[in-house]
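Notes for the structure review
Spelled out, the chains give:
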Amino acid sequence: MTTTVRFTKMHGAGNDYIYVDNTLFNIPDPAKAAILWSDRHKGIGSDGLVLIGSSPVPEADFSMRIFNADGSEAMMCGNASRCIGKYLFERGITTQTQIRLLTLSGVKTLELHVNSPKHVNSVTVDMGEPLFDVPQQFLPNRGLSQGTFVSMGNPHYVIFTDNVNLVEQKGSTLENHPAFPQRCNIEFAQILPDGSIRTRVWERGSGITMACGTGACATAVAACLTGRASRKSSIIMDGGTLDIEWREADGHVYMTGPASFAFDGEATLPD
């Protein structure tokens, strides 16, 4: 018997995912569904699958699980978090403008910027404190300068360069480099004359994506650490711009950006 589920396609700065309300529809094998549905030629087409659920702990209001296009489960996604905030509010599931979201990287707080009773204009996510728990080491990446490792709940390696398009040739190799036994997200970033930072990203498990929220945060932190930028940066990605602040007061990184609906539909569960 064929089983169908309702889904919503959303994107944050072009970083697109398929969203399913897990309280209404059960996905027995989300990894398999992510691979099938994410295919841009034979499926719905996306960077992965996001399951929105109730929270099993009182410290959070809702939960998120995210599966990359290759079926691997991700720890966190900033763009998906913003989309979840918009989804929950505009679909009438919550009236709260501050939402606590449980992820595999802990509870993240979403602040919804509402410009009408039914519309979320943008969302700020408290991404928590960056971590630097992997020793800095030079990667033999054929002429590229040494990068900076930053964890935003998931691992990132940020390389500053004058040619961000190197992501197309180097991204896959660096994602799977022996220095990163669990693989790594890779950012190529360029400081522009106006102080903004042009960034392209290779996401672990998905390849090149239009944007990456945690990647934007990692880039901003790396730029500040290396004296290339202040604690506030605008990160220009292929799909749009995210505003990042690494606040000195609490050490947390705050990401602000848009979230958009694409369309609703039905999908068949994989056999």
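Per chain, residues are indexed from 1 in the order of the written sequence. Since the coordinates come from a predicted model, pLDDT governs what is reported: local features require at least 70, and pairs of side-chain atoms require 80 or more to be given and counted, while whole-chain, interface and lining totals use all residues. Note: side-chain values were computed over all heavy atoms of the structure, leaving out hydrogens and water.

Relative to the helices and strands, H113 is located in strand β7 (residues 106–116). Two residues form a contact once any of their heavy atoms are found within 4.5 Å. Beyond its immediate sequence surroundings of up to four residues, H113 is in contact with H119, V120, N121, S122, V123, T124 and T256. Think of it this way: any DSSP run of H or I at least four residues long counts as a helix, any run of E at least two long counts as a strand, and we number them from the N terminus.

Only protein chains enter the calculation, and the probe is 1.4 Å; a residue is then buried if its accessible area is under 20% of its type maximum, exposed if over 50%, and partly exposed in between. Listed in full, the buried residues belonging to helix α3 (residues 167–175) are V167, K170, G171, L174 and E175. End-on view of α3: buried residues confined to an arc of 125°, all on one side of the axis. Across α3 from its buried face, at more than 90 degrees, point the exposed residues Q169 and T173. Turning to α3, the residues buried within the fold contact β10 (155–160), β11 (185–191), β12 (197–203) and β13 (207–209). Note: the arc covers the axis-to-C-beta directions of the helix.

The next point concerns the confidence of the model for the protein. Per-residue confidence for the protein gives a mean pLDDT of 93; residues scoring 70 or more make up 94%. One number per residue, pLDDT, summarises how confident the predictor is, and it ranges from 0 to 100. pLDDT under 50 marks residues 138–144. Its contacts with residues more than four places away, or in other chains, come to 16 contacts.

Right, let's get into the environment of T173. Relative to the assigned elements, T173 resides in helix α3. Expressed as a C-alpha distance, the spacing of T173 and R183, which sit ten residues apart in the sequence, is 9.9 Å.

Within the secondary structure layout, S63 lies in strand β4 (residues 62–68). You can call S63 buried: its relative accessible area is 14%. Any pair of N or O atoms that falls within 3.5 Å is considered a polar contact. Within protein, one atom must be able to donate a hydrogen and the other to accept it, and sequence-neighbouring residues count only if both atoms are side-chain atoms. A distance of 2.9 Å separates the side chain of S63 from the backbone oxygen of S54, its partner in a polar contact. Beyond its immediate chain neighbours, meaning those up to four positions away, S63 contacts L51, I52, G53, S54, S55, L101 and L102.

We define the nonpolar core as a collection of buried residues of types Ala, Val, Leu, Ile, Met, Phe, Trp, Tyr and Cys that are connected through side-chain atoms lying within 4.5 Å of one another. Within the largest apolar cluster, 52 residues are counted, with the highest numbers of intra-cluster contacts made by Y19 and I244. Top contributing element to this core by residue count: helix α4 (residues 213–225), with eight residues. When neighbours within four sequence positions are excluded, I244 is seen to be in contact with A216, C217, A220, R231, K232, S233, I235, V253, Y254 and M255.

Next up on the list: the packing of aromatic side chains. In summary, the pairing rule links any two rings of Phe, Tyr or Trp, Trp by its six-membered ring, whose centres are within 6.5 Å, and it sorts them by plane angle into stacked for under 30 degrees, edge-to-face for over 60 and tilted for everything else. The tally for this structure, following the rule as stated, stands at three aromatic pairs. For the pair F7 and F263, a centre-to-centre distance of 6.0 Å together with 80° between the ring planes defines the contact as edge-to-face. Of this pair, F7 sits in strand β1 (residues 4–12) while F263 sits in strand β17 (residues 260–268), and the two are 256 residues apart along the sequence. Classification of F7 as buried rests on a relative accessible area of 4%. For F263, a relative accessible area of 41% gives the class partly exposed. A centroid spacing of 6.4 Å and a plane angle of 25° characterise the contact between F149 and F180, whose relative ring orientation is stacked. One end of the pair, F149, is in strand β9 (residues 148–151); the other, F180, is in the loop between α3 and β11, with 31 residues separating them in the sequence. Taken as a pair, F149 and F180 share a single burial class, namely buried. Among the aromatic residues, those joined into a ring-pair cluster are F149, Y157 and F180. Over the face of the ring belonging to W246 we find R231, whose NZ or CZ atom lies 4.6 Å from the ring centre. The ring of Y254 carries the charged tip of R247 above its face, separated from the ring centre by 3.7 Å. Whether a charge sits over a ring depends on NZ of Lys or CZ of Arg being within 6 Å of the ring centre and within 35 degrees of the ring normal.

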